[in-house]
Amino acid sequence: MDFLKELNEEQREAVTYTKGPLLVLAGAGSGKTRVVTYKIAYILAEGLAFPEEILAVTFTNKAADEMRDRVIRLVGERAKDMIISTFHSFGLRVLRSEGHKVSVLDEDDREELLKEIIGEISPKLDGITPQFCASRISLLKNSMVSPEEFIAYTAKDKVLGDIYFEYEKRKKDLYLVDFDDLLLEPLKLLRVDSVREKYTKRFKYVLVDEYQDINRPQFLLTKIISSGSRNLTAVGDPDQSIYSWRGADPKIILNFREDFPDAKIIYLERNYRSTQSILEAANSVIANNESRFPKKLWTERGRGRPVVVYVGDSDIEEGRFIVDEISSLTKEGYSFKDIALFYRTNAQSRFYEELFLRSGFPYRIVRGVRFYERKEIKDALAYLRILVMPYDILGLERAISTPSRGVGKKTLLSLREYLLENNLTIWEGIRSFPAPSKVKKSLLSFSDLIDSFREKVDKVPLRELFIELLEKSGYIDMLRSLGDEGEDRIRNLEELLTVISRMEEEEPRLTLTAFLDKISLYTDQDLKRGTEDAINMMTLHASKGLEFPVVFMVGMEQGLFPLYRSFNNRDELEEERRLCYVGMTRAMDRLYMTACRMRRIYGRTMSYHLSMFIDEIRSIHKMVIED
């Protein structure tokens, strides 16, 4: 097979190893995604499995789509029949195939539901916010702690436990699942022998990318699904595990040998991204962690320039240095888009934004655009959902309220209670709900509209259905009446129409349900990055998976990075160090790490010592500039 010639020796060994569990420890920039895609191509080319007998899992829809495209380029259209998806998308696929008619609760709607519950249970307790509850409940679910198993040690915990219990009950009543349920509910189904056997027999090969980022439910799904063939390939790097705050458990990849005693382990240490100086600096930092598989990245790109460490007296001087260096870099031929600036927390971005504005440098902040959480997008998707989701009460409440049809909040609350008490679908309940004549007329008119479009589902192209539904519902006319703001929202709906058109081109038999499932699992990471010539500003967490010719890591001060809270906790400090390693290994040609002795932040002027991570870089790999 010609494509095997494109791999180095270690990559080729990983690709051609096809019997039993395999852990590929892939350092930053070592071509780990290439290993996954080429291994799938190899399995298909060798006839070891049919496409539908392969499951490949990663963490973003964007990564899954790119992986699928690469495999298709290698082996052709037959690769379209295999499942390459995120864990959550696979979980929803399992639920759908087992007949579950549920809607997926997005982040905003989850917080709205929690706000409603908090108002009923404990409206005045300090710290009990929808955001706090959402985060804590998600961590509990990722740790597989149910409401019944949750132990409350404080009064605040007791209230949280009550909210957690009611939240789970209300979701069940409303036929809703959140993102965590997309892992936990399939696990419940897989306890049934017949269901488990169906999936363990089907998949001969299971491949997991970014294995260092999985949590316990994802690990159990992986282990169960691969238990039939035991042909599990896990690709990851413990040194890049930076998401424990959202449930990821780095111990899972570190304990791979314990979970799979006969596993083969292959190291990918050749880096194709950075210069040797950058790699040796990063190696010297991460070597201070104890919880890791020792490895050293190397490259044939050449030594390159040493890492530049700048220490100024104040943040003003730090800013002046950054501006001067960027000016010099652009004169050398680098574009603004070749340059990235990383900071530890979002609160730090304001100073650098103002710095670039004053300097006339174009910049963009890479963070959640949240396109799919804009009101007009959620409204449009609610209209589509209620055509195919018989119990989507929240979708019904959203659609019937926009534009206004004279159906108030009290009526909607009564309608919700009526539907739940009588176990009716939204289509049945909206017609039989007893209401005053004026409201009843509005409800029946809306019901007629929805019924007329339900008949068209999967009979006309989704694009046509979308356009006609928004026009005939009065939604577009409502937006037109809002002037310029409405025109902006219409343009966003046109962008959603572009997404629909592209999906229909890629998948001619796309159903409305399949489209809604895909959209419900989209995250900010799945949106295409801008291509404008501008400096890229982002948190270190947002930099994961990206690369830039030039990187500035700012605020390299003890207490800012690593954060104060990690000083007395070894696990947290090691995660901070892994985050530093991730940031350093994003740089291709040049890496700058800047700090200052006095910084104004959080409304106060603070004095700082240089970050311990700078001290951990051997002097031979860095050039220190002090003002």
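For clarity, every value in this text was computed on a predicted model and none was experimentally measured. Along every chain, residues carry numbers that run from 1 in the direction the sequence is written. Totals for whole chains, interfaces and linings use every residue, but because this is a predicted model, local features are given only for residues with pLDDT of at least 70 and side-chain atom pairs only at 80 or more, for both listing and counting. Side-chain metrics rest on all non-hydrogen atoms present in the structure, leaving aside hydrogens and water.

A. Expanded view of the pairing of strand β14 (residues 587-601). Partly exposed describes any residue whose relative accessible area lies between the buried limit of under 20% and the exposed limit of over 50%, with all areas from a 1.4 Å probe on protein chains only and scaled to the type maximum. Every helix listed is a DSSP run of H or I at least four residues long, and every strand listed is a run of E at least two residues long, numbered separately from the N terminus. The buried fraction of β14 is high, at 11 of 15 residues. For two strands to count as paired, DSSP must find a minimum of two bridges between them. Bridge analysis of strand β9 (residues 307-314) against β14 gives 6 bridges, and the strand direction is parallel. Looking across to β14, one finds that G312 is bridged to C596. As judged from the 5 bridges shared by strand β13 (residues 548-553) and β14, these two strands associate in the parallel manner. If you follow F548 over to β14, its bridge partner there is A587. As defined by bridge partners, β14 adjoins strand β15 (residues 604-607) across 4 bridges and the pair is classed as antiparallel. Bridge pairing in β15 places M598 opposite S607.

B. View of unusual backbone geometry. Each neighbour pair has its own omega, and for T402 with P403 the value is 0 degrees, a cis peptide bond. Summarising the element assignment, P403 is placed in the loop between α17 (393-401) and α18 (409-422). Here the amide bond leading from F561 into P562 is cis, since omega sits at 5 degrees, within 30 degrees of zero. For Y175, which is not glycine, the phi dihedral falls at a positive 55 degrees. Inspection of the secondary structure assignment puts Y175 in the loop between α7 (155-173) and β5 (176-177). Its identity as a non-glycine residue notwithstanding, D458 has a phi of 65 degrees, on the positive side. Topologically, D458 is positioned in the loop between α20 (437-454) and α21 (462-472).

C. Region of interest: the domain arrangement of the protein chain. These domain boundaries are the output of an automatic or database domain assignment. Assigned domains within the protein chain: domain 1 (3-99 + 183-268), domain 2 (103-174), domain 3 (277-362 + 530-626) and domain 4 (371-528). Here the C-alpha centroids of domain 1 and domain 4 sit 35 Å apart. Residues count as neighbours in contact if any of their non-hydrogen atoms are within 4.5 Å of one another. Taken together, the contact between domain 1 and domain 4 spans 9 residues of the former and 9 residues of the latter. Between domain 1 and domain 4 lies a buried interface of about 770 Å² when both sides are counted; carbon and sulfur atoms form 48% of it. For this document, the term salt bridge refers to a Lys or Arg side-chain nitrogen within 4 Å of an Asp or Glu carboxyl oxygen. Linking domain 1 with domain 4 are 1 salt bridge. In this structure, R96 and D517 form a salt bridge, with 2.8 Å as the shortest nitrogen-oxygen distance. Here a polar contact means two N or O atoms within 3.5 Å. Within protein one must be a hydrogen donor candidate and the other an acceptor candidate, and residues neighboring in sequence count only if both atoms are side-chain atoms. Applying the counting rule to domain 1 against domain 4 returns 2 residue pairs in polar contact (both at pLDDT 80 or more). By definition, the buried area sums, over both parts, the 1.4 Å-probe accessible area that each loses when the two are put together.

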